[in-house]
Amino acid sequence: MVLNYIWIAFFLIAFFIALIRLIFFGDTDIFMHLVSGMFNSSKSSVMDIALPMAGNMVFWLGIMNIGEKAGAINLLSRIVRPFFSRLFPGVPQDHPATGAIMLSFSANLLGLDNAATPLGLNAMNSLQELNPDKETASNAQIMYLALLTSGLQLIPVTIIAQRAIFNAKDPTDVFIPCIIATYVAAVAGMLFVSVKQKINLFDKVIVGWLLGITGFITLLVWYFAMYLTKGQISLVSKVVSNLLLFLVPVVFILGGLYKKINVFEVFIEGAKKGFETSVKIIPYLVAMLVGISVFRTCGALDYMNDGLRWVCQQFKLDTRFVDAMPVAYLKPLSGSGSKSMMISVMKTFTPDSFAGRLGCVFNGSADTTFYIIALYFGSVGIKKSRYAVSAGLFTDLAGIIAAIFISYLFFG
């Protein structure tokens, strides 16, 4: 499994870089920082991520069980069936996995992090039920993760909020670049996996849906840019996102009442599965986050950036984008790490600088590939990821390249 070699590389690279810093540069604290980072990330993996996630998992998988028994998931499946049956040909048209995937994508589009992960894990579990080889990622699971790692989101609320905190002249000026970059990443990921799986992207249903989604995003961007102020954008996002999030359990419960099922008992039945899943993913969380921690702490990212700057200078290219690249390096590894780096870039170069804006677009252009693959595959016991890592990294790369070009277009 590719993830195995990447995880090993984190530790070996960190060790050799730390050894060089100790022997040649006299950095006597480097190994202390590495060990401290290991302990801190081990603790935070459980206390700050896994345990809080457990509550969300228990609640949302309970709600999803109500929705499935009430027939709401099946209704969603019928709505998106024509499109998803082409992208996920291995998933039967009437299977609950289609509705679960739809709910997961909806939560991600709205930026609902607390609900997105539990719903995503539930979708992965539904796909695992159809997987003939329980230890090897199926085609459907790889396509799902490739789309998920694009981080497709309609309104980057967190990024806009952070820019407002740092007193950017217009906190929402990265709104359109973020949407374009993440959409490019999503389409690139879909193309990569479709070519590998020999999916016909020129099918009229796929083309029609893609044109429809593109048109909807274009109209949304145009409306927000032309008719809403920055304060109104944040307000609309907050109200609509939370309204829709609360509407899901209400609709599912009402559906359960209509079907005359014991809603509370069905919720408890699904909630128990949520707790079991939460416990199962803890080792995968700890392993990945500790590996990422030592890789960051050793200074590898700084050396990567210095090397990139040198190459750009040799070819006499504009190097302003290099100042924001640490955000791009960290995005496939850690969501909190890339967010912290985005804040650091805004502090260092100001939020209205080219680097400050590009750092924000980087953070909104993709998602945490390694974290997602380790978490989602770990939750269902997948050991052989096939080309899932390369698909996720290709998606990330497409988002990064798009973010750079778009930022030069808008802010350069």
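Relevant structure appears above.
Chemist: Outline unusual backbone geometry, supporting the account with residue identities and numerical values.
Modeler: Even without being glycine, Lys260 reaches a positive phi, approximately 60 degrees. Look at Lys316: it is not a glycine, yet its phi comes out positive at around 55 degrees. As for its position among the elements, Lys316 is in the loop between α12 (300-314) and α13 (325-330). Using a relative accessible area of 75% as the deciding quantity, one classes Lys316 as exposed.

Chemist: Got a sec to walk through the environment of Ala168? Specific residues and values, please.
Modeler: Considering the arrangement of structural elements, one finds Ala168 in the loop between α7 (157-165) and α8 (175-197). The spatial distance from the C-alpha of Ala168 to the C-alpha of Lys134 is 49 Å, given a sequence separation of 34 residues. Discounting residues that sit within four places of it in the chain, Ala168 has contacts with Arg163, Pro351 and Asp352.

Chemist: Please provide a residue-by-residue account of a nonpolar patch on the surface, values included.
Modeler: Taken together, Leu235, Val236, Val239, Val240, Leu244, Phe246, Leu247, Val250, Val251, Ile253, Leu254 and Leu257 make up a surface patch of nonpolar side chains, about 1,000 Å² in accessible area. Examined against the element boundaries, Leu235 turns out to sit in helix α10 (residues 230-258).

Chemist: Provide a residue-level description of the environment of Gln314, including the pertinent values.
Modeler: Position of Gln314 among the secondary structure elements: in helix α12. Under the relative-accessibility criterion, Gln314 is labelled partly exposed at 46%. With 126 residues separating them along the chain, Gln314 and Ala188 place their C-alpha atoms 30 Å apart.

Chemist: Account for the packing of aromatic side chains, naming residues and giving values.
Modeler: Enumeration according to the criterion identifies 16 aromatic pairs in this entry. With a centroid separation of 5.4 Å and an interplanar angle of 65 degrees, the aromatic rings of Phe84 and Phe88 are classed as edge-to-face. A relative accessible area of 2% means that Phe88 is categorised as buried. An aromatic cluster of at least three residues, connected via ring pairs, comprises Phe83, Phe84, Phe88, Phe105, Tyr144, Trp209 and Tyr376.

Chemist: Talk me through the side chain of Ser293; I want residue IDs and the actual numbers.
Modeler: Position of Ser293 relative to the elements: it lies in helix α11 (residues 263-297). Using a relative accessible area of 13% as the deciding quantity, one classes Ser293 as buried. If sequence neighbours within four positions are ignored, Ser293 has contacts with Gly37, Met38 and Ser41.

Chemist: Give me the lowdown on the state of the cysteines, citing residues and values where you can.
Modeler: For the structure on display, the rule yields zero disulfides. As a non-bridged cysteine, Cys178 has Cys360 as the owner of its nearest cysteine sulfur, 7.1 Å distant. Residue Cys178 is classed as buried on the basis of its relative accessible area of 2%.

Chemist: Could you give an account of the environment of Ile176, naming the residues involved and the relevant values?
Modeler: By secondary structure assignment, the location of Ile176 is in helix α8. Each C-alpha atom, one on Ile176 and one on Pro156, is 9.6 Å from the other, the two residues being 20 residues apart in sequence. Look past the residues within four positions of Ile176 in its chain and what remains in contact with it is Val221, Ala225 and Phe410.

Chemist: Could you give an account of the nonpolar core, naming the residues involved and the relevant values?
Modeler: Judged by nonpolar contacts, the single largest core of 108 residues is most densely connected at Phe88, Tyr144, Leu145, Phe362 and Tyr376. It is α11 that contributes the most residues to this core, eleven residues altogether. Every residue in contact with Tyr144, bar those within four places of it in the chain, is listed here: Phe88, Ile101, Ser104, Phe105, Gly120, Ala123, Met124, Leu127 and Tyr376.

Analysis parameters
Residues numbered from 1 in each chain as written. Predicted model: local features only at pLDDT ≥ 70, side-chain atom pairs only at ≥ 80, totals over all residues. Heavy atoms only, no water. Helix = DSSP H or I, 4+ residues; strand = E, 2+ residues; numbered from the N terminus. Buried < 20%, exposed > 50% of the residue type's maximum accessible area, 1.4 Å probe, protein only. Contact = heavy atoms within 4.5 Å. Patch = residues over 30% accessible without salt bridge, like charges linked within 9 Å, V, L, I, M, F, W, Y side chains within 5 Å. Areas by Shrake-Rupley, 256 points an atom, 1.4 Å probe, with all protein chains shown as cover. Salt bridge = Lys/Arg side-chain N within 4 Å of Asp/Glu carboxyl O. Phe/Tyr/Trp six-rings, centres within 6.5 Å; stacked < 30°, edge-to-face > 60°. Disulfide = S-S within 2.5 Å. Core = buried A, V, L, I, M, F, W, Y, C linked by side-chain atoms within 4.5 Å.

The quantities given are spatial measurements derived from coordinates; they are silent on function.
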